[in-house]
Every structure is written in C-alpha cells, then in structure tokens.
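# Working through the structure, step by step
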Amino acid sequence: MRSGSFLILLLLLMANASAQNIFVFNKQSGEPIRDVFFYNDQKTITGLTNELGIARIDDFHETDRLHFQHPAYEATVISIFSLKQMGYRIGLEPSYVDLVEVVVSANKWEANREEVPNRIEVIEKKDIRFENPATSADMLASGGQVYVQKTQLGGGSPMLRGFAANRILFIVDGVRMNNIIYRSGNLHNILQADVNSIENAEVIFGPGTNIYGSDALGGVIDFHTLRPLLGIDERWSTSGSAMARVASADFEKTIHADLNFYNNRWSMMASISYTDFDDLFMGNMHNDYATRPEYVERINGLDSIVANENPNKQVQSGYHQLNFIAKIKQQFTKDIDWTLSFYLTQTGDVPRYDRLIQYSGETLRYAEWYYHPQQWLMNSLEMNFRRKTRAYDHAVFTLAYQNVKEGRNDRRYRDEWLRKRDENVNIFSGNADFEKKLKWENHLFYGLELIYNHAESSGEQESIYDGTTEMISSRYPDGGSSSFQAGAYLSYKKNFSEKPFTFQAGMRFTYAYLNSLFNDTTFYKLPYESITLNNAAVTGSAGMTYRPGKWQFKANLSSGFRAPNLDDVAKIFDSEPGNVIIPNEDLQPEYLYNIDAGIIFGRPDNIRMEFTAFYSYLVNAIVRRYTTLNGQDSIPYDGEMSRVQTMMNAGSAYSYGATAAIDWRIVDFLSLRSIVTYITGEDDEGYPLRHAPPVYGSTTLSFHQNGLKLALSGVYNAEISYEKLALSERNKAYFYATDENGNPYSPGWWTLNFKGSYAFMDEVFILSLGVENILNYRYRPYSSGIAAPGRNFMAAFTYTF
C-alpha cells in the first residue's frame, strides 16, 4: 500500500513539474515542431521550442496570451489558462503554401531553400505519415517528382534527370551508401533505408553537389532517419510512437515502434520495423499482356507448369523485411556532442519477379530466381563541434563502417543445379566537414572524404536432389577487389544584403583507385588476370538566386565526374535473355556538363508556381554494347550460348527536360497541387537513354481542417513508343505491350486515388485510411518487370507519446 501511495505521489510531482513546459506539435501528424517562436501580448517575454517541440514557460504570467509563429504553420494565439486546460499541448495547423523552407542537404548545413540554386524536393515526416508508403522507394514516388522503376516487389530504382543506379548518390545520415558493386542498371539498395524511421528526405536534382560527391550525375537522395533528441532539464523523459499498417493488394502487414529516452545530456533512441508482403495483385482493366497465366511449382520433386487460378495474382513476388536502428547521443559540453549509431536491414528471400516470367520458347525459363542473403549493416560515429574558431564555426566529423551482403540464386526449369553467387562488401569511410561564416554575409564550406571498399565474390551450384556442390563462375573477380576514393571540396556562398541575391560556387577534387584480381580463369579465357584503374578530376559549380518581390530566378552551371566502379569494369553476368556482360579493362571515366534554370512565382498566403528546365551533356558515356571475346561474339554462360556484351565508352550522350509545378491554396481549408515532368535523351548513336522515363506527373486536391485531412489525387504516365524505347529495353520485349507492327512499347496509364487521416484525442492517435488505383487499372510502369498494385485498400493506426 505504501509503495502504491509513493507511486501516485511521484506521478503527481512529475505532472506538476511538466506543467511548466509546453509541447507544440503538428495537428495533422502529431510530430513535434522545433523552432516555434512564441511571445506574450506585450512582446516582452519570448520563447523557442527545442527539437522535441518543448519549451519552458516559467517566465510567463498565468494571465498571458501566447502568440505562436513558424513559417511553415498557421499563426496561433491562445491563453495560458486554455493551455493548462489542454494539458499544455498545442497543435499548429500546417501552412500548405510556403515559400521559405529550411533544408539541410544542399550543403550539409541548414540553409533557406530560396538561397539554393539547385532544384530540391523536400519530403517531411508529416507527408510520409499521411501517404503511408510501404517502402522508401514508394515514398520517393509518392511525391510525384521522382520516377521509380521496379524489377520485383522488393525493389525500387529511382531515376533522376535521365540517370539512375550508380549515377545517383544515396546518403543516409551523412554517410555515402554507394559502394564498389553499385550496379549501372536498376538498383534497389534504397530499400535499406526504413521508410517508417525516416524523419525527412531531400532530393537534390542535377550534379551541382560538390560537397557530397562528383559522381552524383543525376542528383542526390539524402535520407535523415530519426534522431536521439535531448530534453531541456536533467529529468529523464520518454517519447516515441507505434504504428500498424495493412494493405490489401499484397496483404502488407507492417508494425513499427520507436522510443526516445532522454534528459538534457543523454539521449537513447531505438527504432524497429517489420513488414511482410504476400504476392501482389495487379488490376483487372486493360493491358492483358501483364497478366501471370502460369508459374513453376515443384510437384513430387519435379518442376511443373501450373495454371494460375487468378492471372492477376503475381505469384512468387512476396517477401519480408526487418529494419532496426539504435542511436546514443551525449552532449559532452554546450559546444560538443557525439552520436553513435547502429543500423541493420535484413530481408528474407526476395523473388526476382521479372526473371520468373521469362520464357524460353513456350516454357518458363526459370523455376527459381531470388535474392538471398540481403543484409546491410552500418555503424557510425558523428562528432559535432560548435565552438567558433578561426578555422570554423561548426565542424562535423563522421566515421562509418558498412557491411553489405548480397546473393543471387537461380535455377532453370527442370535443371538439377541451383546456382548461387554471393558478394560480401566491407566499406570504411571518414568525413570531415567545416562551416565558417565570414564578414559581410560570406560563407565558406570545406571538407575531406575518404572511402575504402573491399569486395569478395564467389559462385557455386548446389544439386537440389543430393545437396552436392560444384564451383561456378562468380559475378565479380574471385580474387577480391578493392577501391579507394578521396575527395576534397571548397564551397563559397555570398548573400548580398542590399539586394535579394545569393551567389554560390564550389569545386571538388576527386581521386579514384580500383584493383581487381581474377584467380580462376578456367571458366572464361580473359586476355588479362587483373584490372587496375587510376582516375582523378576536378569538378565545379556556380549558381545564383535572385528574389525580387514575389519572384525567384535561379540558374546553375555544374560538372560531374564518375570513375567506373567494379560493376562497370569487371562484371560477368547475364544482363537479359541471351546476352552476357564481360569485363572491360579499358573503360574510362565519364564526365557531365549541366545547366539548369528555374523561375518561381509565389505569394506566401496562397500560391506558388515553379518551372525548372535543364540540359546535361555526358562525355565518354558508359553504355552497354555488343562486343567479342577472343574473336567470338557468343560464349556459353550457365549452359546457354549468349551474345557477348560489355560496358564501353560511347562518344557522348545528352538529356534535357523540364518540370512544372503549382501549389494553390484555394481557400483556407482547400488546396491544389500539381506537378508534371518531361525528360528525354539519346547517346551519340541515336539510341534513347534507358533511364529517361515517360512524361509523368500527379495532381492532388486536399481538404484540411483541424485534425482531418482528405486528398483526392490522379497519377499519370505517358506512352513510350518503340522508337523512343532504349535498346536494352527492346531486348526485354516480354516487359511490354506490342504495337500494330509487332514491336514492344510502354503504354500510358493513369490512376485515381483517395487518402484521409484524422488525428483525435489530443492528436495522440492518428487513423489513416485510403484506396489507391480506385478504378483497378492494370499497368506495368516503364522499365518495370512487375505490374503495379491493383485496387489497394490501406489502413494505418499511429500512436505518439
């Protein structure tokens, strides 16, 4: 009894102590809002919320009224008496048209979006919670600005400005994800970032990103995961959230939880997510070519062709995924803090659906084709120094270790042997970044990056009958491969006080070394036993933004440099039916020269219109072409004669395009957003670029009032005719529909979607409901091997505390 009384007394004391603080949150998502400025009627007392949306109000009188202001939210006035009745919690309504937005990825430091000459898409936590995407790839696609290709359900390869895969730079919490085996085709490593643990994401379009890396030819995709947040006093507190989501098209089942345990000196955060997907159902209207009429199943130990009871069910597409993140942060002094982070992503077997629907004559080619193991592990240590010195005002040092395990497993129809090719990559990286503010609004950013990769590759085949094994060719050289990359950058920014003008310029020196060794040459008689590359280059950028009145004008000149990685120079693998890629020791780097410009018109209270255009010219473009090996144009690969291809340097390639967008606040509770993108490009032989998608876009009408938000949207893609289809895509005709001439082409499509969410009980609980592809349209997006979901009902429940 005494212990129970003591517990009640302790809870009352804690409640009384917390009553001196207020909590400010987003009414739509329940997320805390940092940097909310508030003051009394007389403007004699002010306050500012911290990262947790918490601020002290000890200095205010109980009769005061508080005015809350934030550039991304509606201004709100409320009395302290009313706040007390609400438990000292105040929700702010988002402002749906906002011209001043803070981003961090443009130069690794916080900057106003209007000062950045690059075009940037910002995806915030509130957007993620409302859209409820199943994966990080779906999150990027939901914004309507990034085109995403899918080879299988467990996939998602973004395309930026005609580039994809290893020509795009992926960043997670300041650490480069791109490694020595990042593919040049379609790349699905973006799923390593848990969408349920992403705090915000930024997409920087184009190569003007000297601070991140010269190889970001198409742009940078920068993910920021949940951070351990510090409190405002020594008392320990907790915050966090839990979420459960289900969806019908693939019977998705997702659970997620995150917890932050903190005081003003220490913070410990953990996040875990688990998602299970069943086989995906496509729509049932139009495009019969995309159906799944039959599949392979072992019956009594023998591969058999089984008729699909529902051809709209994409049998053998489901998989599951586990994500875990843990972080510890300590405020060592008021000017120094450090954060230690651990990340782990694991999947089960991920069927490669596009291979499972391939035919050899009249029979399915493969009985099995799946990725396993798929694992990403990372440890990182970040140290922040904010004490001003002559050399810097703010310095960040980041050390990281990553381990990536990938495996490709396949077996032909009625073949005894299951082929297994595995890769194990270790990556060590170090970054030092510095910011210095000089007199008269001059800013310097400079830093150094060092990266070391080591990859091991092996191959074996296993009998499905007795388990015996034999060696087969590995995907990459079996003697091991190493790479070292170093980069140093300097960037300058000048804000002119007398005019609304910002100028930015920068340069980066990059050195790249690669060494790869072939131990066993019995499988393929290559004319060399090792490959060594040494490359270096200087790239640069210069841009400006001019902001007279309601207008903004942006222009940017930039260059990029990408040295070939292991996947480019030394891969031996079947790229598509009947073709095999072989190494090329003579492969050279590619160089990009880019110009982009944009015009923005906006009134902060109701409208923002933006138009951006770009042109990119690629020299020494790395493309896939037919070749010979020892005078032969075909060689046996996994028991099949295959045409020989290799990655080689074309003379040049170009891409250009434009994006137009409008955000219009029609009335206080109703807003319209529409965006459309056009991209095209060719190499110097006149072939269309593989990663130039069709015209695509979306239009969304949103209703928002207090805790309720409803959105009706249309998503659309144009057709790509046979003449505009890349050569590599023509070789995968089974992906596509057939035109009147018998040639493959990618049909256009559109979908209608509805989503809604409601925050209730002081915004602690959020219920989200939605239906995607309402008309149940059957379609397969351009370059994708799996059809998109049909009519998909979704429900999610989120609890925050």
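For the structure, see preceding data.
This section reports on the structure supplied with the text. Only a predicted model underlies this, so the values are computations on that prediction, with no experimental measurement involved.

On to the overall build of the protein chain. Scanning the protein chain from terminus to terminus reveals seven helices and 54 strands. For 801 residues, the compact-globule estimate of 2.2 N^0.38 gives 28 Å, and the C-alpha radius of gyration of the protein chain, at 27 Å, lies within 12% of that figure. Taken along its principal axes, the extent of the C-alpha atoms in the protein chain is 90 × 60 × 55 Å. With 801 residues in all, the protein chain has 59% of them scored as buried. Long-range pairs, those at least 24 residues apart, make up 67% of the contacts in the protein chain between residues at least 6 apart in sequence. Total accessible area on the protein chain is roughly 32,300 Å²; 57% of this is exposed by carbon and sulfur atoms. Taken as two groups, the 75 positive and 93 negative side-chain charges of the protein chain have centres that lie 5 Å from each other.

This part is about the sheet that holds strand S17 (residues 219–225). Within the open sheet, the five strands sit side by side as S10-S16-S17-S14-S15. Their pairing is mixed. For this open sheet the edge positions go to strand S10 (120–124) and strand S15 (175–176), each flanked by a neighbour on one side alone. Pairing geometry for S10 and strand S16 (residues 198–205), over five bridges, is antiparallel. The residue of S16 that forms the bridge with Ile 123 is Ala 201.

A few words on the nonpolar core. Counting 76 residues, the largest nonpolar core has Met 139, Leu 140, Phe 170, Ile 190, Ile 221 and Phe 223 as its most contacted members. Top element by residues in this core is strand S30 (residues 366–385). It accounts for five residues. Apart from the residues lying within four places of it in its own chain, the contact partners of Phe 170 are Pro 158, Ala 165, Val 175, Arg 176, Met 177, Asn 178, Tyr 182, Leu 187, Ile 190 and Ile 221. Ranked by size, the runner-up nonpolar core spans 22 residues in total, among them Leu 618, Val 623, Leu 689 and Tyr 782.

Mapping Tyr 626 onto the fold places it in strand S43 (residues 622–626). With a relative accessible area of 36%, Tyr 626 lands in the partly exposed category. With 19 residues separating them along the chain, Tyr 626 and Gln 645 place their C-alpha atoms 4.2 Å apart.

In this section: the sheet that holds strand S1 (residues 21–26). Each strand in a sheet pairs with its neighbour through backbone hydrogen bonds, running either in the same direction (parallel) or in the opposite one (antiparallel). Pairing is mixed in the open sheet, where three strands are placed in the order S4-S1-S7. Edge strands, defined here as strands with exactly one partner in the open sheet, are strand S4 (54–56) and strand S7 (89–92). Taken pair by pair, the neighbouring strands of this sheet meet at an average axis angle of 30 degrees, ignoring direction. Here S1 pairs with S7 via four bridges, running parallel.

Let us now look at a nonpolar patch on the surface. Together, Leu 557, Tyr 593, Ile 595, Tyr 615, Tyr 617, Tyr 656, Val 676, Tyr 678 and Val 695 line one region of the surface with nonpolar side chains, adding up to about 800 Å² of accessible area. Looking at the nonpolar patch, the elements that each hand over two or more residues are strand S41 (590–603), strand S42 (607–619) and strand S47 (670–683). Along the chain, Ile 595 falls in strand S41.

Our focus in this paragraph is the environment of Arg 245. Tracing the chain through its elements places Arg 245 in strand S18 (residues 237–247). Judged by its relative accessible area of 2%, Arg 245 is buried. As for Arg 245 and Val 148, which are separated by 97 residues in sequence, their C-alpha atoms are 22 Å apart. Residue contacts for Arg 245: discarding those within four places in its chain leaves Asn 132, Pro 133, Ala 134, Asn 196, Glu 252, Lys 253, Thr 254, Met 794, Ala 795 and Ala 796. There is a polar contact of 3.2 Å between the side chain of Arg 245 and the side chain of Asn 132.

Moving on: the side chain of Asn 132. As for its position among the elements, Asn 132 is in the loop between helix H3 (125–131) and helix H4 (136–142). Using a relative accessible area of 9% as the deciding quantity, one classes Asn 132 as buried. Once residues within four sequence positions are removed from consideration, Asn 132 is found in contact with Arg 245, Ser 768, Met 794 and Ala 796.

We now examine the pattern of salt bridges. Applying the stated criterion across every chain yields a total of 46 salt bridges. A salt bridge links Lys 150 to Asp 138; the nearest nitrogen and oxygen atoms lie 2.8 Å apart. Here Lys 150, found in the loop between strand S11 (147–149) and strand S12 (157–160), pairs with Asp 138, found in helix H4; they are twelve residues apart in sequence, far enough to count as distant. Lys 150 gets classed as buried once you look at its relative accessible area, which sits at 18%. Asp 410 serves as the salt-bridge partner of Arg 419, at 3.1 Å between the closest nitrogen and oxygen. Owing to a relative accessible area of 3%, Arg 419 belongs among the buried residues under this scheme. Look at Asp 410 and you get buried, because its relative accessible area is 6%. Linked by salt bridges that have partners in common, Arg 56, Asp 58, Asp 233 and Arg 235 make up one network.

The subject of this paragraph is the pairing of S41. Of the pairings in the sheet, the one linking strand S38 (residues 551–562) to S41 comprises twelve bridges and is antiparallel in character. Residue pairing in the sheet places Ser 559 in a bridge with Tyr 593 of S41. Where S41 folds back onto S42 in an antiparallel hairpin, the turn is made up of three residues.

A few words on the packing of aromatic side chains. This structure, assessed with the given rule, holds 37 aromatic pairs. With a centroid separation of 6.0 Å and 50 degrees between ring planes, the pair formed by Phe 735 and Tyr 736 is classed as tilted. For the pair Phe 735 and Tyr 736, one class covers both residues: buried. Both rings, one in Tyr 736 and one in Tyr 782, keep their centres 6.5 Å apart while their planes meet at 35 degrees; by these two values the pair is tilted. Taken as a pair, Tyr 736 in the loop between helix H7 (727–730) and strand S50 (737–738) and Tyr 782 in the loop between strand S53 (765–772) and strand S54 (792–800) lie far apart in primary sequence, 46 residues in all. Among the residues examined, Tyr 782 registers a relative accessible area of 1% and is labelled buried. Three or more aromatic residues link up through ring pairs in this structure, and these residues are Tyr 758, Phe 760, Phe 765, Phe 797, Tyr 799 and Phe 801. Above the plane of the ring of Phe 205 lies Arg 119, whose end atom (NZ or CZ) is 4.4 Å from the centre.

Here the amide bond leading from His 372 into Pro 373 is cis, since omega sits at -5 degrees, within 30 degrees of zero. Along the chain, Pro 373 falls in strand S30. Residue Asn 620 is not a glycine yet carries a positive backbone phi of 60 degrees. With respect to the secondary-structure elements, Asn 620 resides in the loop between S42 and S43.

Turning next to the environment of Gly 651. Mapping Gly 651 onto the fold places it in the loop between strand S45 (640–649) and strand S46 (652–667). Apart from the residues lying within four places of it in its own chain, the contact partners of Gly 651 are Leu 618, Val 619, Asn 620 and Asp 684.

Note that Ser 702 resides in strand S48 (residues 696–705). For Ser 702, a relative accessible area of 10% gives the class buried. What Ser 702 contacts, discounting residues up to four positions off in sequence, is Phe 669, Leu 670, Ser 671, Lys 709, Leu 710 and Ala 711.

What counts and how
Residues numbered from 1 in each chain as written. Predicted model: local features only at pLDDT ≥ 70, side-chain atom pairs only at ≥ 80, totals over all residues. Heavy atoms only, no water. Helix = DSSP H or I, 4+ residues; strand = E, 2+ residues; numbered from the N terminus. Rg over C-alpha atoms; globule rule 2.2 N^0.38 Å. Buried < 20%, exposed > 50% of the residue type's maximum accessible area, 1.4 Å probe, protein only. Contact = heavy atoms within 4.5 Å. Areas by Shrake-Rupley, 256 points an atom, 1.4 Å probe, with all protein chains shown as cover. Lys, Arg positive; Asp, Glu negative; His and termini not counted. Charge placed at Lys NZ, Arg CZ, Asp CG, Glu CD. Pairing = 2+ DSSP bridges. Core = buried A, V, L, I, M, F, W, Y, C linked by side-chain atoms within 4.5 Å. Axes fitted to C-alpha atoms, helices over the stretch in contact; angles between N-to-C directions. Patch = residues over 30% accessible without salt bridge, like charges linked within 9 Å, V, L, I, M, F, W, Y side chains within 5 Å. Salt bridge = Lys/Arg side-chain N within 4 Å of Asp/Glu carboxyl O. Polar contact = N/O pair within 3.5 Å; in protein donor to acceptor, adjacent residues only side chain to side chain. Phe/Tyr/Trp six-rings, centres within 6.5 Å; stacked < 30°, edge-to-face > 60°. Lys NZ or Arg CZ within 6 Å of the ring centre and 35° of its normal.

Bear in mind that shape data such as this cannot, by itself, settle questions of function.
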